[in-house]
Amino acid sequence: MTEAEFAELSLKILVGGLIIFMGFIMWDLAKKSGAGKFGTFIIFLVLGLCVAAFLIKEVLIMVLE
């Protein structure tokens, strides 16, 4: 395994773990702030767009190659 392959694999695994951790943080933030259903939806929508942007970027890279 080359250094480039290791870096690419590590990036995907670690960013995936970070995304899961961010989901927990968003849920905990909504729960502790008493945001309610609509507030929780907004928190997940706005912060979840970052996750969607990362996934879309990965899909576009795969399509363009």
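See the structure shown above.
Read on for a plain summary of the structure.

Reading the values: rules and limits
Residues numbered from 1 in each chain as written. Predicted model: local features only at pLDDT ≥ 70, side-chain atom pairs only at ≥ 80, totals over all residues. Heavy atoms only, no water. Phe/Tyr/Trp six-rings, centres within 6.5 Å; stacked < 30°, edge-to-face > 60°. Helix = DSSP H or I, 4+ residues; strand = E, 2+ residues; numbered from the N terminus. Buried < 20%, exposed > 50% of the residue type's maximum accessible area, 1.4 Å probe, protein only. Patch = residues over 30% accessible without salt bridge, like charges linked within 9 Å, V, L, I, M, F, W, Y side chains within 5 Å. Areas by Shrake-Rupley, 256 points an atom, 1.4 Å probe, with all protein chains shown as cover. Salt bridge = Lys/Arg side-chain N within 4 Å of Asp/Glu carboxyl O.

Attention shifts here to the packing of aromatic side chains. The final tally for this structure, using the stated rule, is one aromatic pair. Where Phe24 meets Trp27, the ring centres are 6.2 Å apart and the plane angle is 40 degrees; that geometry is what we call tilted. Placement of both Phe24 and Trp27 in helix H1 (residues 3–33) is noted, with a separation of three residues, approximately one turn of the helix. Overall, the relative accessible area of 44% leaves Trp27 in the partly exposed class.

All right, on to a nonpolar patch on the surface then. Judged by side-chain polarity, Phe38, Phe41, Ile42, Leu45, Val46, Leu47 and Leu49 come together as a nonpolar surface patch covering roughly 670 Å² of accessible area. You can call Leu47 partly exposed: its relative accessible area is 35%.

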